[in-house]
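Each chain, written out:
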Amino acid sequence: MKMQPLSPALGVEVTGVQLAALADAELQELKQAVFNNGVAVIRDQDFSPEQHIAFAKRWGGIDVNLFFPSNSQWPEIAEVRKAEEQKTNIGGGWHTDHSYDQIPAMGSILVARELPPVGGDTLFSSMAAAHDALSDGLRQTLSGMRAVHTSDHIYRPDGYYAQTDMAADLKGHEVSTRAVHPVIIRHPVTGQKLLYVNAAFTTHFEGWTREESLPLLSYLYQLGSREEFQCRVQWRPGSVTIWDNRLTWHLAQNDYHGHRRVMHRITLTGEPIGA
Ligand SMILES: O=C(O)CCC(=O)C(=O)O
Ligand SMILES: [Fe+2]
């Protein structure tokens, strides 16, 4: 198994392995790489949906996404897809998956099934780098704060996606979510300190109004999306990307209108997070 950095900030590119036939020791090495680097893109995989599910189970449990369409054959697999005629994509703004859950998902295993001829990259950003860039003063202030996360303004009937051409594809409009998490968390495996708010799902600081929260949240969203904290995954047929939702944000680039893109996602169960 060979690993090359994707950028100075985070991410590794992995070659020379087949995930479907990974030895236990190699799996341990890959898990450590994801927990330490946030993202791993594994190239040239021959990886059926059945192998995808079996591999995901070796990481722990599977959290089924409540809003994306499930693949009709494999309910554990969420389809992240955009059709030729659609303009809206899934995950087009910086976010962390499932932060609105009490125990947010550890991460995801995303498999490229149909790719546009060019474009449709996924960007990732390091929340360890964002944390480390805070001044001592702001870090200390944020260390005592918690923030509210919800998906209601995204997926409910009056939410963001309902106004778009992705509306008919999504489900779970009746589902309401809410969780409160520390603004700075410790990575449950590595202990690394991480900024844990995100522009999609974090609405306000606990005990603050939305209006009061927005200026500081906007600053943190700007900080977290600095170019030098990022890496880019350029998909190729056979690419599989595994990421850690605690350590990273991600954003699916929506630059391929007129082409179809279909990805298979399995979301991995996490562990409790805390300050
Ligand atoms: O399609 C992508 O590249 C990523 C979409 C996304 O945000 C996700 O699958 O969680
Ligand atoms: Fe996502």
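Residues numbered from 1 in each chain as written. Chains lettered and ligands numbered in written order. Predicted model: local features only at pLDDT ≥ 70, side-chain atom pairs only at ≥ 80, totals over all residues. Heavy atoms only, no water.

Asks: Would you take a moment to explain the overall build of the protein for this structure?
Replies: Of regular secondary structure, the protein possesses six helices and 16 strands. Relative to the 2.2 N^0.38 estimate, which gives 19 Å for 275 residues, the radius of gyration of the protein is 18 Å and therefore close to what a compact globule would have. Projecting the C-alpha coordinates of the protein onto the three principal axes gives extents of approximately 50 × 40 × 30 Å. Counting across all 275 residues of the protein, residues that qualify as buried make up 54%. Long-range contacts, defined here as pairs at least 24 residues apart, represent 82% of the contacts in the protein between residues at least 6 apart. Total accessible area on the protein stands at roughly 11,600 Å², and carbon and sulfur atoms take up 49% of it. (Helix = DSSP H or I, 4+ residues; strand = E, 2+ residues; numbered from the N terminus. Rg over C-alpha atoms; globule rule 2.2 N^0.38 Å. Buried < 20%, exposed > 50% of the residue type's maximum accessible area, 1.4 Å probe, protein only. Contact = heavy atoms within 4.5 Å. Areas by Shrake-Rupley, 256 points an atom, 1.4 Å probe, with all protein chains shown as cover.)

Asks: In this structure, what is going on with the packing of aromatic side chains? I would like to understand it.
Replies: How two aromatic rings sit relative to each other is given by the distance of their centres and the angle of their planes. Scanning the model with the defined rule gives 12 aromatic pairs in all. Between Phe35 and Trp59, the aromatic rings sit 6.4 Å apart at their centres with planes inclined by 85 degrees, giving edge-to-face as the arrangement. Note that Phe35 is positioned in helix α1 (residues 24-37) and Trp59 in the loop between α2 (49-57) and β4 (62-63), a separation of 24 residues in sequence. Of the two residues, Phe35 and Trp59, both sit in the buried class. Each ring, one from Phe67 and one from Tyr155, has its centre 4.0 Å from the other, and the planes form 5 degrees; the classification is stacked. Here Tyr155 lies in helix α5 (residues 152-155) and Phe67 lies in the loop between β4 and β5 (78-82), a separation of 88 residues in the sequence. For Phe67, a relative accessible area of 0% corresponds to the buried category. Taken together, the ring pairs in this structure connect Phe67, Tyr100, Tyr155, Tyr160, Tyr161 and Phe201 into an aromatic cluster. Its end group placed over the ring of Trp59, Lys31 keeps NZ or CZ at 5.6 Å from the ring centre. Between Lys82 and the ring centre of Tyr256, over which it is positioned, the NZ or CZ distance is 4.3 Å. (Phe/Tyr/Trp six-rings, centres within 6.5 Å; stacked < 30°, edge-to-face > 60°. Lys NZ or Arg CZ within 6 Å of the ring centre and 35° of its normal.)

Asks: Help me out: how do you make sense of the coordination of the iron ion (ligand 2) in this one?
Replies: Ideal geometry at a metal centre gives angles of 109.5 degrees when four donors are arranged tetrahedrally and 90 or 180 degrees when six donors are arranged octahedrally. Every protein donor of the iron ion (ligand 2) is accounted for by His95 (NE2), Asp97 (OD) and His250 (NE2), and the metal-donor separations fall at 2.1 Å. Each donor residue of the iron ion (ligand 2) belongs to the same chain, with the gaps between them written as H-x1-D-x152-H. (Donors = N, O, S within 2.8 Å, 3.2 Å for Na, K, Ca; no water.)

Asks: I'm lost on the sheet that holds strand β7 (residues 122-126) in this one. Help?
Replies: Whenever strands of a sheet pair, they do so through backbone hydrogen bonds, lying parallel or antiparallel. With antiparallel pairing, the three strands of this open sheet are ordered in space as β13-β7-β15. Unpaired on one side and paired on the other, β13 (230-233) and β15 (248-252) mark the two borders of the sheet. On average, each strand axis in the sheet is inclined to that of its neighbour by 20 degrees, with strand direction left out of account. The pairing of β7 with β13 spans four bridges and is classified as antiparallel. (Pairing = 2+ DSSP bridges. Axes fitted to C-alpha atoms, helices over the stretch in contact; angles between N-to-C directions.)

Asks: For this particular structure, what's the right way to read the site of ligand 1?
Replies: Taken together, Val80, Ile90, Gly91, His95, Asp97, Leu110, Thr122, Trp243, His250, Ala252, Arg261 and Arg265 make up the full set of residues adjacent to ligand 1. The contact in question runs from an oxygen atom of ligand 1 to an N or O atom on the side chain of Asp97, over 3.0 Å. Between ligand 1 and Arg265, the relevant distance is 2.5 Å, taken from an oxygen atom to a side-chain nitrogen or oxygen of the residue. In isolation ligand 1 offers 290 Å² of accessible surface; the protein chains occlude 100% of this area. In a pocket analysis with a 2 Å cut-off to the grid points, ligand 1 is assigned to the largest pocket. When contributions to the shell around ligand 1 are tallied by element, the ones reaching two or more residues are β15 and β16 (261-268). Of the residues contributing to the shell around ligand 1, the split by class is five nonpolar, four polar and three charged. (Near = heavy atom within 4 Å. Polar contact = N/O pair within 3.5 Å; in protein donor to acceptor, adjacent residues only side chain to side chain. 1 Å grid on protein atoms, 1.4 Å probe; cavity = no way out; pocket = protein on both sides within 12 Å on 5 of 7 lines; lining within 4 Å. Sits in = over half its atoms within 2 Å of the grid points. Nonpolar A, V, L, I, M, F, W, Y, C, P; charged D, E, K, R; others polar.)

Keep in mind these values describe shape, not function.
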